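Observations on the model geometry
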Amino acid sequence: MVDTSRIDEFHAHVYYDKGTRQGAGRLREAISGRFEVEIGSWHDEPVGPHPQAMYLVSFGADQFQQLVPWLMLNRDRLTILVHAQTDESSYRDHTDFAMWLGQALDLRLESFEGVKS
């Protein structure tokens, strides 16, 4: 068993495309106005393991109970990957320690160091 004390924070990756970018922007504004989070830059092209455009929302474990249910109800059909940020590995954080809100996407797992495609 992995001890939950190993969770440093959580990440939510909000995915969008040209047709949903405006809705992703509304969600971004709503999140920043309601929760204690750090919101990363817009990535309009795939980056790292992420197969499409996205932005990152970083938040502490104390925000999980409020933020994740709120995202479930207010994601407006956007796909969101929520994962723990641990001292294990980025690969496990994005796979074994993750959950999807909406349609699960195929991550580009070969982007993780030491992982073969």
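Calculation criteria
Residues numbered from 1 in each chain as written. Predicted model: local features only at pLDDT ≥ 70, side-chain atom pairs only at ≥ 80, totals over all residues. Heavy atoms only, no water. Helix = DSSP H or I, 4+ residues; strand = E, 2+ residues; numbered from the N terminus. Axes fitted to C-alpha atoms, helices over the stretch in contact; angles between N-to-C directions. Parallel < 35°, antiparallel > 145°, perpendicular 65-115°, else oblique. Left-handed = near helix turned anticlockwise from the far one by under 90°. Contact = heavy atoms within 4.5 Å. Nonpolar A, V, L, I, M, F, W, Y, C, P; charged D, E, K, R; others polar. Pairing = 2+ DSSP bridges. Salt bridge = Lys/Arg side-chain N within 4 Å of Asp/Glu carboxyl O. Buried < 20%, exposed > 50% of the residue type's maximum accessible area, 1.4 Å probe, protein only. Expected span 1.5 Å × (residues − 1). Bend = angle between axes of the 7 residues up to and from the residue.

A look at unusual backbone geometry
Located in the positive-phi region is Asp 76, a residue other than glycine, with phi close to 50 degrees. If you trace the backbone, Asp 76 turns up in the loop between helix H2 (61-74) and strand E4 (80-85).

A closer look at the packing of helix H1 (residues 21-34) against H2
Where H1 contacts H2, the axes come no closer than 12 Å and their chain directions differ by 150 degrees. With respect to H2, the axis of H1 lies roughly antiparallel. Taken as a pair, H1 and H2 cross one another with a handedness that is right-handed. Only Leu 67, Trp 70, Leu 71 and Asn 74 of H2 make contact with H1, whose side of the interface consists of Leu 27, Ala 30, Ile 31 and Arg 34. For the contact of H1 with H2, the per-class residue count stands at six nonpolar, one polar and one charged.

As for the sheet that holds strand E3 (residues 54-59)
Pairing is antiparallel across the open sheet formed by five strands, whose spatial order is E2-E3-E1-E4-E5. Of all strands in the sheet, those bounded by a partner on one side alone are strand E2 (37-39) and strand E5 (98-101). Strand-to-strand twist of the sheet, defined as the mean angle between neighbouring strand axes without regard to direction, takes the value 20 degrees. Pairing geometry for strand E1 (residues 9-15) and E3, over six bridges, is antiparallel. Residue pairing across strands places His 11 opposite Ser 58, the latter belonging to E3.

Observations concerning the pattern of salt bridges
Taken as a whole, this structure holds three salt bridges when the rule is applied. Salt-bridge contacts for Asp 44 lead to Arg 21; the nearest nitrogen and oxygen are separated by 3.0 Å. Of this pair, Asp 44 sits in the loop between E2 and E3 while Arg 21 sits in helix H1; the two residues are 23 residues apart in sequence, bridging distant segments of the chain. Exposure remark for Asp 44: the relative accessible area of 44% places this residue in the partly exposed category. For Arg 92, the salt bridge goes to Asp 96, with nearest N and O atoms at 2.9 Å. For Arg 92, a relative accessible area of 27% corresponds to the partly exposed category.

Focus on H2
Taking 1.5 Å per residue, 14 residues should reach 20 Å; H2 reaches 20 Å between its end C-alpha atoms and fits that length. The largest bend in H2 amounts to roughly 30 degrees and is located at Leu 67, with the proline Pro 69 lying one to four residues further along. Taken as a whole, H2 has its buried residues at Gln 63, Leu 67, Val 68, Trp 70 and Leu 71. Buried positions along H2 lie against E1, H1, E2, E3, E4 and E5. Backbone geometry just downstream of H2 places Asp 76 in the positive-phi region, at approximately 50 degrees.

By themselves these figures say nothing about function.
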